[in-house]
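Here's the letter readout for the chains.
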Amino acid sequence: MSSPSSTIPLEVERRAGRTPMLAVEVGRDPVQWAERYREALRAAVAEHGAVLVRGLGLHDASEVSAVFRRLAPSGLMPDREAFATRQRYADGVYSSVKWPANQPMCMHHELSYALEFPGLLLFACLQAPSAGGVTGVADARRVLDAIPADIVQRFEREGWLLTRSYNEDIGASYEEAFGVTDRAAVESYCRAHAIEFAWQPDGELRTRQRRPAVVRHPVTGDRCWFNQVAFLNEWTIAPEVREYLVDVYGPDGLPFNTRFGDGEPIGEDVVALLNEIYEDHTLRTPWEAGDLMLVDNTRTAHSREAYEGPREILVGMAEPRHVLDLASDAQDGAR
């Protein structure tokens, strides 16, 4: 019989520039620990936006899966609409997305382009890279406050637009993204999830989906900058890679790109500014094998730095939220 979950506050260490960290006793059964301290850990995440737990000694996927399920007893979400492939370890437990190790993944909120997104992210490190590979975090409330008012007002008024072109060469195929295999099922999924779609003569699928750029936190009501405007924009891609993709697929056939909600391109200067603001607000602590991290996906953006050497991070997503339920009142154009 499991013991009741403890609500005694956990002592989370806060250091300038570092992810909030909780050090636990090495040698504890991590599954038992997760069962016992679930409520206290979730309270810490609510307070800090993200918490890195060090000392659990997580060592394999089955153990990680058990810990994730103790911490998210309502269940883990399937991965849908991913922009790149993942390895599946168990139901709801995946690898981080397959992304070139030498290319960083800038700040974003997981699945912020989907109608339904996870309110909670769970990460576990089974193998830390020899250099880099940090999963940084940034407070979306403070990021919003730092963005010039005119930019925020336009995105709040119009929302943001994600365009995708699915092909067999780059990123997730539409079969992988939508979890279906035939065109009729793809079209049904798109209609149900407010995604515009068009089949190209060569069979390629192109989609457009408009979403809110600013949402209110479901618990606190705080306004949060919540999107992937910078991460999935062409100007965040390394110049040589962008040049190659434009040459091969054309400017309208990029695997993904973002625009203002009215369809106008987002300037390189705006994307650079957003990434600079994210960098100014990034907290980072290098991974160690056995680490666990929980992230409030509405309040806190996350990133992944370039790295060297093998890196194995497992991911779980939980507590589904509907983005239109959280859109701020100013975002009628994104509904």
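Residues numbered from 1 in each chain as written. Predicted model: local features only at pLDDT ≥ 70, side-chain atom pairs only at ≥ 80, totals over all residues. Heavy atoms only, no water.

With that settled, consider the sheet that holds strand β14 (residues 256–260). The 4 strands are arranged β10-β11-β9-β14 in an open sheet whose pairing can be described as antiparallel. Of all strands in the sheet, those with a lone pairing partner are β10 (196–199) and β14, marking the two edges. For this sheet, the mean inter-axis angle between neighbouring strands, taken without regard to orientation, is 15 degrees. Sheet analysis places strand β9 (residues 160–166) next to β14, joined by 5 bridges and oriented antiparallel. Within β14, the residue paired with Arg164 across the bridge is Phe256. Across the sheet, helix α4 (residues 149–158) is in contact with β9, β11 (205–211) and β14; its angle to β14 comes to roughly 100 degrees. (Pairing = 2+ DSSP bridges. Helix = DSSP H or I, 4+ residues; strand = E, 2+ residues; numbered from the N terminus. Axes fitted to C-alpha atoms, helices over the stretch in contact; angles between N-to-C directions. Contact = heavy atoms within 4.5 Å.)

Turning to the pairing of strand β19 (residues 312–322), a few remarks are in order. With 3 bridges joining them, strand β4 (residues 93–95) and β19 adopt antiparallel strand pairing. Paired with Ser95 across the two strands is Leu314, which belongs to β19. Where strand β6 (residues 116–127) lies against β19, 10 bridges are found, and the strand directions are antiparallel. By the bridge assignment for β19, Ala124 is matched with Leu314.

Right, let's talk about the environment of Pro310 for a bit. When you line up the elements, Pro310 lands in the loop between β18 (307–308) and β19. Separated by 183 residues in sequence, Pro310 and Gln127 place their C-alpha atoms 7.0 Å apart. Contact partners of Pro310, with chain neighbours within four places excluded, come to Gln127, Ala128 and Pro129.

Spatial ordering of the open sheet is given by β1-β2-β16-β6-β19-β4-β3, a layout of 7 strands whose pairing is mixed. The sheet is open, and its two edges are formed by β1 (21–23) and β3 (88–90), each paired on a single side. Each adjacent strand pair in this sheet contributes to an overall mean axis angle of 25 degrees, direction not counted.

A separate point is the packing of aromatic side chains. Both the distance between ring centres and the angle between the ring planes are used here to describe each pair of aromatic rings. For the structure shown, the criterion picks out 12 aromatic pairs. Taken together, a centroid distance of 5.6 Å and an interplanar angle of 55 degrees make the contact between Tyr166 and Phe178 tilted. With a gap of 12 residues between them, Tyr166 in strand β9 and Phe178 in helix α5 (residues 174–178) connect regions that are remote in the sequence. Three or more aromatic residues link up through ring pairs in this structure, and these residues are Phe83, Trp99, Phe231 and Phe256. (Phe/Tyr/Trp six-rings, centres within 6.5 Å; stacked < 30°, edge-to-face > 60°.)

To continue, consider helix α1 (residues 30–48). In this model α1 runs just 22 Å from its N-terminal to its C-terminal C-alpha over 19 residues, more than 12% under the 27 Å that 1.5 Å per residue would give. Of all the bends found along α1, the most pronounced is centred on Tyr37 and spans about 70 degrees. Buried within α1 we find Pro30, Val31, Trp33, Ala34, Glu35, Tyr37, Arg38, Ala40, Leu41, Ala44, Val45 and His48. Close packing links the buried residues of α1 with β1, β2 (50–54), α2 (61–71) and β16 (292–296). Two to three positions downstream of the cap, the backbone nitrogen of Val31 sits 2.8 Å from a side-chain oxygen, assigning the N-cap of α1 to Asp29. Phi for Gly49, located one or two positions after α1, is positive at around 90 degrees. (Expected span 1.5 Å × (residues − 1). Bend = angle between axes of the 7 residues up to and from the residue. Buried < 20%, exposed > 50% of the residue type's maximum accessible area, 1.4 Å probe, protein only. Polar contact = N/O pair within 3.5 Å; in protein donor to acceptor, adjacent residues only side chain to side chain.)

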